[in-house]
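Residue-level structure breakdown
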Amino acid sequence: MKKSLLAIAVVSSFFAGFVHAEDAKPDNEVSFNVGVASDYRYRGISQTRLDPALQGGADYTHNPTGFYAGTWLSSIKWTKDAGGGGDVEWDLYAGKKGEIVKDVSYDVGVLSYVYPSNGLGNVAGLVNANTTEIYGQVGYGPMYAKYSSSVTNLFGNPNSKNSGYLDLGANIELPDTYTLVLHAGRQMIKNNSAYSYTDWKVGVTKEFVGVAFTLAAIGTNANSALYVTPAGKFTGKTSLVLTAVKTF
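Residues numbered from 1 in each chain as written. Predicted model: local features only at pLDDT ≥ 70, side-chain atom pairs only at ≥ 80, totals over all residues. Heavy atoms only, no water.

Here we come to the overall build of the chain. When helices and strands are counted, the chain shows 2 helices and 14 strands. When its C-alpha atoms are laid out on the principal axes, the chain stretches across 85 × 30 × 30 Å. When each of the 248 residues of the chain is scored for burial, the buried share is 35%. Considering only intrachain contacts with a sequence separation of at least 6, the fraction spanning at least 24 residues in the chain is 48%. About 13800 Å² of surface is accessible on the chain, with carbon and sulfur atoms providing 63% of the total. When the 20 basic and 20 acidic side-chain charges of the chain are each reduced to a single mean position, those positions are 2 Å apart. (Helix = DSSP H or I, 4+ residues; strand = E, 2+ residues; numbered from the N terminus. Buried < 20%, exposed > 50% of the residue type's maximum accessible area, 1.4 Å probe, protein only. Contact = heavy atoms within 4.5 Å. Areas by Shrake-Rupley, 256 points an atom, 1.4 Å probe, with all protein chains shown as cover. Lys, Arg positive; Asp, Glu negative; His and termini not counted. Charge placed at Lys NZ, Arg CZ, Asp CG, Glu CD.)

So, about the nonpolar core. One broad trend across soluble globular proteins is that nonpolar side chains are buried collectively. In terms of nonpolar packing, the biggest core is built from 21 residues, with Trp78, Tyr115, Phe155 and Tyr227 touching the most fellow members. The set of elements that each furnish at least two residues to this core consists of β5 (67-75) and β7 (104-114). Discounting chain neighbours no more than four positions away, the residues touching Trp78 are Gln47, Tyr115, Leu120, Ala129 and Phe155. (Core = buried A, V, L, I, M, F, W, Y, C linked by side-chain atoms within 4.5 Å.)

Each pair of aromatic rings is reported with the distance of its centres and the angle of its planes. According to the stated counting rule, one finds 10 aromatic pairs in the structure shown. Summarising the aromatic geometry, the rings of Tyr42 and Phe155 are spaced 6.1 Å apart at their centres and angled 80° between planes, so their arrangement reads as edge-to-face. Here Tyr42 is found in strand β2 (residues 41-42), whereas its partner Phe155 is found in the loop between β9 (143-150) and β10 (164-173), with 113 residues between them in sequence. By relative accessible area, Phe155 is classed as buried at 17%. Aromatic pair Tyr115 and Phe155: ring centres 6.5 Å apart, planes at 80°, arrangement edge-to-face. With a gap of 40 residues between them, Tyr115 in the loop between β7 and β8 (131-140) and Phe155 in the loop between β9 and β10 connect regions that are remote in the sequence. Phe155 matches Tyr115 in its accessibility class, with the two residues each being buried. Directly above the aromatic system of Tyr135 lies the positively charged group of Lys146, at a separation of 4.5 Å from the ring centroid. Cation over ring: Lys206 sits above Tyr178, and NZ or CZ is 4.8 Å from the ring centre. (Phe/Tyr/Trp six-rings, centres within 6.5 Å; stacked < 30°, edge-to-face > 60°. Lys NZ or Arg CZ within 6 Å of the ring centre and 35° of its normal.)

A word on the sheet that holds strand β1 (residues 28-37). Spatially, β1-β4-β5-β6-β7-β8-β9-β10-β11-β12-β13-β14 is the arrangement adopted by the 12 strands of the closed barrel, whose pairing is antiparallel. The sheet shows a mean angle of 20° between the axes of neighbouring strands, direction not considered. When strand β13 (residues 211-220) meets strand β14 (residues 239-247), the two strands line up antiparallel, connected through 8 bridges. Of the residues in β14, the one forming a bridge with Ala216 is Val241. (Pairing = 2+ DSSP bridges. Axes fitted to C-alpha atoms, helices over the stretch in contact; angles between N-to-C directions.)

A contiguous nonpolar patch, built from Ile172, Leu174, Tyr178, Leu182, Trp200, Val202, Val204, Phe208 and Val209 and spanning about 740 Å² of accessible area, is present on the exposed surface. Top contributing element to the nonpolar patch by residue count: strand β12 (residues 197-208), with 4 residues. With respect to the helices, strands and loops of the structure, Leu182 is situated in strand β11 (residues 179-188). The exposure class of Leu182 is partly exposed, given its relative accessible area of 31%. (Patch = residues over 30% accessible without salt bridge, like charges linked within 9 Å, V, L, I, M, F, W, Y side chains within 5 Å. Salt bridge = Lys/Arg side-chain N within 4 Å of Asp/Glu carboxyl O.)

With respect to the helices and strands, the residue Lys206 is situated in strand β12. Despite its burial, Lys206 remains without a salt bridge, the nearest opposite charge being carried by Asp176 at 6.2 Å. In this structure the side chain of Lys206 is engaged in a polar contact, spanning 2.4 Å, whose partner is the backbone oxygen of Asp176. Among the polar contacts made by the side chain of Lys206, one reaches the side chain of Thr177 at a distance of 2.6 Å. Every residue in contact with Lys206, bar those within four places of it in the chain, is listed here: Asp176, Thr177, Tyr178, Val211, Ala212 and Phe213. (Polar contact = N/O pair within 3.5 Å; in protein donor to acceptor, adjacent residues only side chain to side chain.)

See below:
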């Protein structure tokens with residue numbers, strides 16, 4: 001009996017160690033993602049005239065320290081609609097995340113939005129669209145609060161340095177591996193208060209065949225006379241948006 005118990009203990013220890021090794025993350029992780037969206041909404045406002053967008057990016061994480069860096073690109077149309085040029089948004093970001101105490105997380109970093117050949121600096125009443133923000137986030141369980149502050153002019157708005165965006169949300173796990181996505185945000189544009197607005201999002205995420213699908217209702221209270229396409233479409237209207245992202 002003692003020999004049998006000893007054998008069971010050895011086998012159990014072996015498999016426990018094997019599972020732990022399987023769960024352990026490597027020091028350095030690199031991932032890539034590609035996706036498509038029925039409408040690229042950023043902070044509730046369509047960047048693509050309410051049309052579809054192609055997207056993709058890459059991320060690096062150093063797990064022992066929580067340091068990360070990455071890049072992401074999407075097709076856009078808003079810079080042309082504003083009188084400039086370009087059809088790509090290119091994001092570059094880096095930061096550090098971790099845990100303050102059990103169940104309380106943090107994430108701080110910097111994010112630059114680059115719009116090649118946007119030309120908005122040559123449009124009357126606007127400045128270059130390229131924007132850089134610093135951000136800080138605190139999370140508790142599925143909930144989070146994040147604040148972003150621009151260290152440059154914000155998305156072509158003149159004299160808008162130090163504009164802020166408050167982002168409150170939660171990603172709540174549901175049965176059958178669904179995730180409920182909740183978000184409310186407030187974009188404050190310094191010295192351009194007419195362009196400030198509130199946005200919201202309610203959606204569900206589910207993975208099928210290795211692809212994460214999100215269907216969400218998105219809307220804003222933005223000024224419908226200011227956030228419009230040349231054809232008169234309100235880019236902050238409430239609508240359903242479907243996205244599909246594959247990470248590998």
